[in-house]
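These are the residues of each chain, in order.
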Amino acid sequence: MKISVLTLFPDMFSIFNHSIIGKAQEKGLVNIECFNIRDYTKHKNKKVDDYPYGGGAGMVMAPQPIVDTIRECKKNNSGKVIFLGPRGKQFNHELSKELAKEDNLIFICGHYEGIDERVYQHIDMEISLGDFILTGGEMAAIPVIDSILRLKPGVLGKEESFMDESFSNGLLEYPQYTRPEEFEGVKVPEVLLSGHHENIRKWRRKESLIATRERRKDLFDKIELTKEDKNILKEHNK
């Protein structure tokens, strides 16, 4: 998968040279490239922003540098152009899975008070992380890109690595334990030591259902409970 990032701060994306995504790049599974928007401005002082028409606080990113950067990027990347901004669809696991099906994507990271409205003519999708403000689009692009890339085949090494994670099946993930069997007086649940795979499966399902119902009622209400799920919750409520 090829990811192109249009940004004023390319060095911020060096984070993807490490850990799992870094290894995926070494294997040729992922290619992340950055375009410095400032390199494409026609302003003699490398300026990329200006005062908004009509007045108001702050500066707005000018259209020419961004649009010219998009055009340069598209010479080798035919992917959807995605802008990280407050008017966009809120990012979640389902959207991550949808975007992971793409072979190429282009991300634009905004700054200041936003981008000139005319840039939107060149944008295919806008994504928001939520109803809060960040210092720049880079801070939103990094988790979005990471979430997408880890769903690409081969990136995590084993496909099943993400199959039971939170949100992958609409539920929060069940509790996880590792050695030692007892730590500061707290023991690993006996069922996990039993080796009985069916009992372990049922325990994990129960814990996921309970955690989601208690901590994310919004997610729980969307789940279509199976007969087994209803029996599990009924037994837990006794």
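Please refer to the structure placed before this passage.
Predicted model only: the values in this text are computed from it and were never measured. (Residues numbered from 1 in each chain as written. Predicted model: local features only at pLDDT ≥ 70, side-chain atom pairs only at ≥ 80, totals over all residues. Heavy atoms only, no water.)

Caption draft 1: Quick peek at helix H4 (residues 138–149). In this model H4 runs 16 Å from its N-terminal to its C-terminal C-alpha over 12 residues, within 8% of the 16 Å that 1.5 Å per residue would give. Counting buried residues along H4, 9 of its 12 residues qualify, which places the element largely inside the surrounding structure. Those residues of H4 that sit buried are Glu-138, Ala-140, Ala-141, Ile-142, Val-144, Ile-145, Ser-147, Ile-148 and Leu-149. (Helix = DSSP H or I, 4+ residues; strand = E, 2+ residues; numbered from the N terminus. Expected span 1.5 Å × (residues − 1). Buried < 20%, exposed > 50% of the residue type's maximum accessible area, 1.4 Å probe, protein only.)

Caption draft 2: Representation of the sheet that holds strand E6 (residues 104–108) in the model. Across the sheet, 5 strands lie side by side as E2-E1-E6-E5-E7; this open sheet has parallel pairing. The sheet is open, and its two edges are formed by strand E2 (31–36) and strand E7 (125–128), each paired on a single side. Averaged over all neighbouring strand pairs, the angle between strand axes comes to 35 degrees, with direction disregarded. Summarising the sheet, strand E5 (residues 80–90) and E6 pair through 4 bridges and their orientation is parallel. Each residue of the ladder has a partner; that of Ile-82, found in E6, is Phe-107. Sitting on the sheet, helix H2 (residues 63–73) is in contact with strand E1 (2–7), E2, E5 and E6, with an inclination near 160 degrees to E1. (Pairing = 2+ DSSP bridges. Axes fitted to C-alpha atoms, helices over the stretch in contact; angles between N-to-C directions. Contact = heavy atoms within 4.5 Å.)

Caption draft 3: View of helix H1 (residues 19–26). The set of residues buried in H1 consists of Ile-21, Gly-22 and Ala-24. The buried side chains of H1 occupy one side of the element, clustering within an arc of 160 degrees when seen end-on. Looking at H1, the residues exposed on the side facing more than 90 degrees away from the buried face are Ser-19, Lys-23 and Glu-26. On its buried face, H1 sits against E2 and H4. Gly-28 lies just past H1 and shows a positive phi near 85 degrees. (Arc of directions from axis to C-beta.)

Caption draft 4: Focus on the pairing of E6. Burial analysis of E6 places 4 of its 5 residues in the buried class, which makes it a mostly covered element. Here E1 runs beside E6; their pairing, made up of 5 bridges, is parallel. Bridged to Leu-6 within E6 is Ile-108. As for the winding sense of the linkage, the β-α-β connection from E5 through helix H3 (residues 93–100) to E6 is right-handed. (Right-handed = clockwise from strand over helix to strand, strands pointing away.)

Caption draft 5: Just the packing of aromatic side chains, in detail. As enumerated under the stated definition, the model contains 3 aromatic pairs in all. Relative to Phe-16, the ring of Phe-13 lies with its centre 6.5 Å away and its plane at 25 degrees, an arrangement referred to as stacked. The same class applies to Phe-13 as to Phe-16, namely buried. Each ring, one from Phe-35 and one from Tyr-40, has its centre 6.5 Å from the other, and the planes form 45 degrees; the classification is tilted. Using a relative accessible area of 25% as the deciding quantity, one classes Tyr-40 as partly exposed. Lying across the ring of Tyr-120, Arg-87 places its NZ or CZ 4.2 Å from the centre. (Phe/Tyr/Trp six-rings, centres within 6.5 Å; stacked < 30°, edge-to-face > 60°. Lys NZ or Arg CZ within 6 Å of the ring centre and 35° of its normal.)

Caption draft 6: A look at the nonpolar core. One finds Ile-3, Leu-99, Phe-107, Ile-127, Ile-145 and Ile-148 to be the most contacted residues of the largest nonpolar core, which totals 29 residues. Looking at this core, the elements with two or more residues in it are E1, H1, E5, H3, E6, E7 and H4. When residues of this core are assigned to their parent elements, the largest contribution, 7 residues, is made by H4. Apart from the residues lying within four places of it in its own chain, the contact partners of Phe-107 are Ile-3, Ser-4, Val-5, Leu-6, Ile-82, Leu-84, Val-144, Ile-145 and Ile-148. (Core = buried A, V, L, I, M, F, W, Y, C linked by side-chain atoms within 4.5 Å.)

Caption draft 7: Structural context of the pattern of salt bridges. The tally for this structure, following the rule as stated, stands at 15 salt bridges. Between Arg-71 and Asp-68 there is a salt bridge whose closest N-O contact spans 3.7 Å. On the criterion of helical spacing, the pair formed by Arg-71 and Asp-68 is a turn pair, its members being 3 residues apart in helix H2. As a salt-bridge pair, Glu-198 and Arg-201 come within 2.7 Å of each other at their nearest N and O atoms. Taken together, the positions of Glu-198 and Arg-201, both in helix H6 (residues 197–215) and 3 residues apart, correspond to about one turn of that helix. Where salt bridges share partners, they join Lys-42, Asp-68 and Arg-71 into one cluster. (Salt bridge = Lys/Arg side-chain N within 4 Å of Asp/Glu carboxyl O.)

Caption draft 8: A look at the state of the cysteines. Overall, the coordinates contain 0 disulfides when judged by the stated rule. Free cysteine Cys-73: the closest other cysteine sulfur is in Cys-34, separated by 10 Å. Cys-109 carries a free sulfur, and the closest cysteine sulfur to it, the one in Cys-34, is 8.0 Å from it. Looking at Cys-109, the relative accessible area reads 0%, which means it is buried. (Disulfide = S-S within 2.5 Å.)

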